[in-house]
Amino acid sequence: MKKIALIIMSLILIIGGMSSAVMAGDIAMEAGTYSGKAQGMNGEIEVKIKVSEKEIESIEVISEDETDGITDSVFEEIPAEIIANQSFSVDTISGATFASEGLIEAVKNAVKKAKGIAVASNEKTKEIEEASEQSYDVVVVGAGGAGLAAAVEARNGGADVVLLEKMPTIGGNTKISGGGMAAAENWVQKEKGIKDSKARHIKDTLAGGDFKNDPKLVTKLAYKASDAVEWLRDYINVVFEDYLFLFGGHTAKRSLIPEGNTGYEIIKKFRSKADELNIPIKLETKAVELIKDGDRITGVKAEKNGKEIVFNAKKGVILTTGGFGSNVEMRKRFNPEYDEDYLSTNGEGITGDGIVMAENAGAALEGMQYIQSYPICNPITGQLSYIGNTRFISTVLVNKEGKRFVEELERRDVISSSIIAQTGSAAYQIWDQNIMDISKVGENHKAEMNYLLKNDLLVKVDNIKEGADFFNIDDEQLSKTVARYNKFAEQGYDEDFNRRGDLIPIKQPPFYILKAVPAIHHTMGGIKINTNAQVLDKDGNIIPGLFAAGEVTGGVHGANRLGSNAITDAIVYGRTAGQMISK
Ligand code: ADP
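Residues numbered from 1 in each chain as written. Predicted model: local features only at pLDDT ≥ 70, side-chain atom pairs only at ≥ 80, totals over all residues. Heavy atoms only, no water.

Looking only at helices and strands, the protein chain has 18 helices and 23 strands in total. Against the globule reference of 25 Å for 583 residues, the protein chain gives a C-alpha radius of gyration of 24 Å, in line with a compact fold. Across the 583 residues that make up the protein chain, the buried fraction comes to 61%. Sequence separation of 24 or more characterises 72% of the internal contacts of the protein chain that already satisfy a separation of 6 or more. (Helix = DSSP H or I, 4+ residues; strand = E, 2+ residues; numbered from the N terminus. Rg over C-alpha atoms; globule rule 2.2 N^0.38 Å. Buried < 20%, exposed > 50% of the residue type's maximum accessible area, 1.4 Å probe, protein only. Contact = heavy atoms within 4.5 Å.)

With that out of the way, let us pick up the pattern of salt bridges. Using the criterion set out here, one finds 34 salt bridges in the structure. One salt bridge connects Lys301 with Glu289, and the closest N-O pair in it is separated by 4.0 Å. One end of the pair, Lys301, is in strand S12 (residues 296-304); the other, Glu289, is in strand S11 (residues 286-293), with 12 residues separating them in the sequence. Looking at Lys301, the relative accessible area reads 26%, which means it is partly exposed. Through salt bridges with shared partners, one network takes in Arg404, Glu408, Asp494 and Arg499. (Salt bridge = Lys/Arg side-chain N within 4 Å of Asp/Glu carboxyl O.)

With that settled, consider the site of the ligand. Taken together, 26 residues sit near the ligand, with Ala146, Glu165, Thr174, Asp353 and Glu551 positioned nearest. Here an oxygen atom of the ligand and a backbone polar atom of Asn173 are 2.9 Å apart. A distance of 2.8 Å separates a nitrogen atom of the ligand from a polar side-chain atom of Asp353. The set of elements that each furnish at least two residues to the shell around the ligand consists of helix H4 (145-156), helix H5 (172-176) and S11. Per-element tally for the shell around the ligand: the top contributor is H5, with three residues. Here the shell around the ligand is composed, by residue class, of eight nonpolar, 13 polar and five charged. (Near = heavy atom within 4 Å. Polar contact = N/O pair within 3.5 Å; in protein donor to acceptor, adjacent residues only side chain to side chain. Nonpolar A, V, L, I, M, F, W, Y, C, P; charged D, E, K, R; others polar.)

Judged by how many residues are buried, strand S5 (residues 133-141) sits mostly within the fold: seven of nine residues are covered. Across eight bridges, the pairing between S5 and strand S13 (residues 307-319) is parallel. Directly across from Tyr136, in S13, lies its bridge partner Ala313. In this sheet, strand S6 (residues 161-164) lies alongside S5 in parallel orientation, the contact comprising four bridges. In the strand pairing of S6, Val139 is matched with Val162. The β-α-β motif built from S5, the intervening H4 and the parallel element S6 has right-handed crossover chirality. (Pairing = 2+ DSSP bridges. Right-handed = clockwise from strand over helix to strand, strands pointing away.)

One recurring pattern in soluble globular proteins: nonpolar side chains tend to sit buried together. With 84 residues, the main nonpolar core has Phe270, Val317 and Leu319 as its most contacted residues. Other than its neighbours up to four places away in sequence, Val317 contacts Val139, Val141, Leu290, Ile297, Gly299, Val300, Gly545, Leu546, Phe547 and Ile581. One finds Ile257, Ile387, Val396 and Tyr451 within the second-largest nonpolar core, a separate group that totals 54 residues. (Core = buried A, V, L, I, M, F, W, Y, C linked by side-chain atoms within 4.5 Å.)

Quick look at helix H12 (residues 412-420) now. Since the α-helix turns once every 3.6 residues, residues separated by three or four places project in the same direction. Buried residues of H12: Arg412, Ile415, Ser416, Ser418 and Ile419, and no others. Across the axial projection of H12, the buried residues extend over an arc of 165°, all falling on one side. Where H12 is buried, its residues touch strand S15 (371-377), strand S16 (396-398), strand S17 (427-432) and strand S19 (511-523). (Arc of directions from axis to C-beta.)

Before going further, it helps to spend a moment on the domain arrangement of the protein chain. Domain annotation of the protein chain identifies domain 1 (7-113), domain 2 (133-370 + 524-581) and domain 3 (377-517). Using only C-alpha atoms to locate each centre, domain 2 and domain 3 end up separated by 32 Å. In this complex, domain 2 contributes 26 residues to the contact, which on the side of domain 3 involves 24 residues. Here domain 2 meets domain 3 over a buried area of about 1,700 Å², counting both sides, of which 51% is carbon and sulfur. Summed over the shared surface of domain 2 and domain 3, the number is three salt bridges. (Domains from an automatic or database assignment. Buried area = accessible area lost by both parts, 1.4 Å probe.)

All right, on to the environment of Lys515 then. By the element assignment, Lys515 lies in strand S19. Considered as a pair, Lys515 and Ala358 are 157 residues apart in the sequence and their alpha carbons are 40 Å apart. Beyond its immediate stretch of four places on either side in the chain, Lys515 contacts Cys377, Pro379, Ala426, Ala427, Tyr428, Leu457 and Phe471.

Further remarks concern the sheet that holds strand S7 (residues 181-182). In space, the three strands of this open sheet follow the order S7-S9-S8, with antiparallel pairing throughout. The open sheet has two edge strands, S7 and strand S8 (240-245), and neither has a second partner. Inspection of the sheet shows S7 paired to strand S9 (residues 255-258) by two bridges, in the antiparallel sense. From the neighbouring strand, Ala182 faces S9, where its bridge partner is Ser255.

Within the secondary structure, Gln422 sits in the loop between H12 and S17. When sequence neighbours within four positions are dropped, the list of residues in contact with Gln422 reads Asn399 and Phe405. A polar atom in the side chain of Gln422 sits 2.9 Å from the side chain of Asn399.

Written as structure tokens, this is what we have:
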């Protein structure tokens, strides 16, 4: 097996003031280099770590015997996360749990040799004993894209800010997303001469939301989008690819893609910025209730390790806890159609906490019945399929009968309900090596690709018949469908479904067929806000001291969110909340 030697030097700046740091000053390690071993899925994993008295500085994977591809992200992301958080409470990589746990165990064993025994054996001892009452100017609840943007802006506005996150790691749905960000008149459009306008972005977003959106919120979203994405690039240091995606419902290629087509790039860079700005991030700290003094919100009650902590907020609280896609009961309360039969693409922490807290404090809610499923997801786990992003380049979606049944770039809700109506409520997506190369999904999402291949959800075949037989699709009809699509590609017009975007023929072997189902993806409804991200009560009055941004809010996306408008929403309104609250 290949020997991987990967050094993650303190990629993410750790600074002394980071409150979640492993060592917390009271458990000094013996500075030096140590090795540690543990069992992975297929064999032993060995690591070498370098530690100072206070922290783990680098983790090098000396040897491992895991499956190539599937585990690449384990050996990239987990060491980076351990270093960033100075904690072993990091997420394991789905599809590679044993490798993830083995790697964490190996690092723990190395830390034990550095006499950080208490740290390695009992995670809880690492934590600073949190004071049961703490005071800041601003408390931000939820460390996804919106919360991080809000915290950074509040800090730069001069506020003493703290960021609470209930999970062991930051990032929320933003981290597990593809990170696509719609912004009309962006620099890539200018470089490539793509015509677009902010007015057109507004029009697409309103039409995509069935005009149930608040037009003022949409206008701000579109007008602040290119500023926001330049801020991410120039100030937060997010690296963007030099191409754009055309997501369903948009009428121009206007969506920027962070490096590697993953929101992890955004979160990683935010983490560095938060450290640089000395913003404390309290992990495993779950906000449970807003504190009110008269009409004004003055803080948050939170829980950590079963203990209550009061966070007072002189200037106010910003709720950025995301949507409620992982909360089945809440989904059913607002829209009984989306019951337990639906898998979800969401992280487990996305349970609507901020919406409930705000509602209890008198906030109005908006559009709660609007729940979106994403059409192309893993039929076993519900995870959104990035391999399926070949759809945005050129692809046909067929049913078991081998026939196309929907325009592949239709809105997510339309594609999802069309898939549900097909035999077996599943769809099959077909593309070729040329489209694979153009999309780069194979390179960018190796772990997912290997998982899908291994679990018979994706096949790579020399001819279409072989793939059709594998999934028991009508092979004659499928060949006809692909030939017809190729004819449309030649003539530049899709007579059957009028597919938007490029039409590239599917003819260069090997061919790929992916099986996919829809899963719950985004909850459009949430807390009602104005364009200053201030929370409104049921009479339309501002609730003093309460702001909200990102998926926790309602009104921006109406009945349906267009792809890549979510990150734009989180960053635009997260920034707004942070700027307004610190004024
Ligand atoms: P957005 O895109 O709106 O920023 P995300 O899903 O990316 O939303 O992030 C929301 C974050 O809020 C997640 O990291 C989630 O774990 C966190 N969160 C949810 N509920 C709470 C809570 N009660 N207390 C603290 N953090 C929370």
